[in-house]
Structures are given as C-alpha cells and as structure tokens.
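# Residue-level structural notes
These are the residues of each chain, in order.
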Amino acid sequence: MYQINQNKLVNLQDNHKPRLALTLGDPSGIGPEVILKALANPEVTQNCDVTVVGNRDLLLRTYNQLSLNGNLTPLVNPDRLTVIDVPLDRKIEGEIVIGTGNTVSGAASFAYMEYAIAQTLAGKFDGIVTGPIAKSAWKVAGYNYPGQTELLAEKSGVDRFGMLFVARSPYTGWTLRTLLATTHIPLRQVADTLTPQLLTKKLDLLVECLEKDFGIIKGRIAIAGLNPHSGEQGQLGTEEQDWLIPWLEKERQNRPNFQLDGPIPPDTMWVKPGQAWYGNSQIQSPADGYLALYHDQGLIPVKLMAFDRAVNTSIGLPFVRTSPDHGTAFDIAGKGIADATSMQAAIHLAAELVSQRLATK
C-alpha cells in the first residue's frame, strides 16, 4: 500500500468505497492476465469497488487458456467479477490473437478507454485504472495519440496534465514520485520543447498533486538539469545559464512552502533516491518529488528501482487515473508468467488517491 502523508486515511462508508473502472488494455497482451491475477488477491479490492471494462468472453478465454496451461499463480474466475461488456463485432473479437497486437486489438483497447472515460466523466466511477495498450496497434487502427494520457486529457478537456510515476520501496517504505516535463517526443526535440512556461506548468501540477493527492503541504522538489553536469557553467550546454537557473530562482520566490533543489546534474540526481529505496541508513532526507526534463532521464532510474511495482499516474485530470508501468509484453502473453505486482499497485494507489480527494472535499 502507498503511504499518504496524513495522520490516517479517511474511513469511507461501505456504500462509497472508491469506484474504479479497470480497462482491459490491449486484449492480445498481458492485460487480461495481470487483471485476473491482481483481482484474485482479496486485499486488492478490500477498500474499493472495481468494475472491469472490456469483454467477459475475452477474459474467460484467457482464464481457460492459463488454467489449461497449468498456471501456478491464483486467478479469479471472470464470472465472479463485475464486468461491463463493451460491444465488439463478433468478427473483430474472433480476430484477436493472444500475443499479436493488430488493428482489431488496437480498436478494442481504444473502445474500452473511451467507454471508461465517458462513464467516469458522467460520475459513474471515481477513477480509472488502465491496462497496458500498444501505441502501434492504436495507430494502425486509426487513432493517432502518443499514449493513453493524451487521450484522457483530450476527452477531459484539460491542457494541463502530466505523467507522474509513483513507487513505494518494499525495503524501506519510502515513496518515489517522478514527474516528466516532456514525454513521448524525439530526443532531438527536447531542448526546443523545454521552456520556462512549460516548466512552470509542470511544477504547478507537481505541487498541486503533492498537496491534493498526498497531503504534502510543505516539502522538497528536486529538479534535474538538462545537460551533463548541468551545463558546467555553460561549457557543456547553455540552457541552464540562459534560462533554467533564472527560472528556478524566480520559482523559489513564488513557492515559499517548497524547497526547490536544482538544477541537479542528471547523473547524480538519482543517487539519493536509490539510497532511500534500498535502505542506506546514511542517506539524508530525499525529496518528496522529482522533476525530470525528458522521458529517459526520468524513467531509466524509475525502472531500475521499481520496474515491477511503479505506477503511471496521470495528474491534472478531473479524476484519478493510474496504470501499471509496463507494456503489453506480447512476447509472453498467454504463457502465465506475467507479473501482476504493478497492476496491484496501480489499483491500490488509485483507491488511496480517490480516498484522499474525498477526504479533503
């Protein structure tokens, strides 16, 4: 379970547990498998009501295949789940092949997402947990979105949003929170995309999330530099000297409740989080949040520390959205060896964030 920084979690009435829509993801990938494994653990749904958005027949197909293959991990029988069947043409459903993402699997996963978003915006659910999708399958199906986050933002009518990765250490209980300033863009575009205005928007989101979702009113945020050694005073790149350092000094004046550290050289920014994650007793207090400037700068350390338990959280939306931090893994789909730890963590975190928001309303 993730720790929320408050004296105690709100005790919700039984008739208003967090209501979560859980999308199946790409039905050709490991989404159905990790859902059946995650929901087999009664602790996962102890504090929330989960409704699977997808197709019961596809869940049953996965359940039967894994059972016949001698899967050793407990699976929940789909007949025991609350499932909303999103209508699919029978011909399309028959063309879904486990382990092979294609046009029909992309269309199916997109339909699940659209339905879950619409029902959540209508008030039927408090949050969405999304199974993994294949961006390539969306593209061949005619849906040109960089990922699920962008679709969620568009349907919600927001232009301030971000991808926050959250993971709790199994060794120390410390929680890592990493926000990406830029996400799915080519590396050569990063320096041109980063601006003071963009970073202010992302920092706003991170501060609001720490306050609203984690109850952290005063804290520390570590902000990465862009260039090696944060530019070495302009010798290895001038972005830090030209605008990043002046921007950070201005933000420090505007945010007296938060200590803003940086710009920290990217190769050393992750030393303290690594020590806090693995339990180095000499580590000084790590930051409450980390702002990475581009995709790999933030996600390489996250995945090194927490590949099997990190959770992708979309912030800036009018509802909670989490997702396991792994892909469709077509190469192992249907083999019964997919790890459901990240899916369990995504459901736990979604329930806790909804609880935190309800408690502060």
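The structure we're discussing is the one just above.
Residues numbered from 1 in each chain as written. Predicted model: local features only at pLDDT ≥ 70, side-chain atom pairs only at ≥ 80, totals over all residues. Heavy atoms only, no water.

For the rest of this paragraph, the subject is the layout of surface pockets. One number sums up the size of the largest pocket: a volume of about 360 Å³. Lining the largest pocket are 21 residues; nearest its centre among them are K135, H184, N312, D325 and H326. At the level of secondary structure, the elements contributing two or more residues to the lining of the largest pocket comprise α6 (148-156), β5 (162-168), α11 (295-306) and β11 (320-324). Of the volumes computed, that of the second largest pocket is approximately 300 Å³. Lining of the second largest pocket is provided by 16 residues; of these, D126, P318, F319, R357 and K361 occupy positions nearest its centre. Of all elements in the fold, only α4 (103-121) and α12 (341-359) reach the threshold of two or more residues within the lining of the second largest pocket. Tallying contributions element by element places α12 first for the lining of the second largest pocket, with 3 residues. (1 Å grid on protein atoms, 1.4 Å probe; cavity = no way out; pocket = protein on both sides within 12 Å on 5 of 7 lines; lining within 4 Å. Points joined across faces, edges and corners; volume = space filled by probe spheres on them. Helix = DSSP H or I, 4+ residues; strand = E, 2+ residues; numbered from the N terminus.)

On to the sheet that holds strand β1 (residues 19-23), then. For sheets, the rule is that strands pair by backbone hydrogen bonds, running either parallel or antiparallel. Pairing is mixed across the open sheet formed by 11 strands, whose spatial order is β3-β2-β1-β4-β11-β10-β5-β6-β9-β7-β8. Bordering the open sheet on either side are β3 (83-85) and β8 (258-264), each of which pairs with just one other strand. Across the sheet, the mean angle from the axis of one strand to that of its neighbour is 25°, orientation sign disregarded. As paired strands, β1 and strand β2 (residues 49-54) are joined by 5 bridges and run parallel to one another. Opposite T23, over in β2, you have V53 as the bridge partner. (Pairing = 2+ DSSP bridges. Axes fitted to C-alpha atoms, helices over the stretch in contact; angles between N-to-C directions.)

Attention shifts here to the nonpolar core. Within the largest apolar cluster, 86 residues are counted, with the highest numbers of intra-cluster contacts made by L22, L39, V52, L194, L199, I221 and I347. The residues touching L22, leaving out its near neighbours within four places in the chain, are I35, L39, V50, T51, V52, V53, V129, M343 and I347. One finds F165, A167, L180 and Y290 within the second-largest nonpolar core, a separate group that totals 20 residues. (Core = buried A, V, L, I, M, F, W, Y, C linked by side-chain atoms within 4.5 Å. Buried < 20%, exposed > 50% of the residue type's maximum accessible area, 1.4 Å probe, protein only. Contact = heavy atoms within 4.5 Å.)

What follows is about empty space enclosed by the protein. Where empty space is left can be seen by rolling a probe of water-molecule size over the atoms. What the rule picks out here adds up to 1 cavity of 30 Å³ or more. By volume, the largest cavity amounts to about 60 Å³. Surrounding the largest cavity, P27, G29, P32, E33, T62, Q65, L66, I98, A333 and G334 form its lining. At the level of elements, α1 (31-38) and α2 (56-68) are the ones that each hand at least two residues to the lining of the largest cavity. Per element, the largest residue contribution to the lining of the largest cavity is 3 residues, and it comes from α2. By residue class, the composition of the lining of the largest cavity is 5 nonpolar, 4 polar and 1 charged. (Nonpolar A, V, L, I, M, F, W, Y, C, P; charged D, E, K, R; others polar.)

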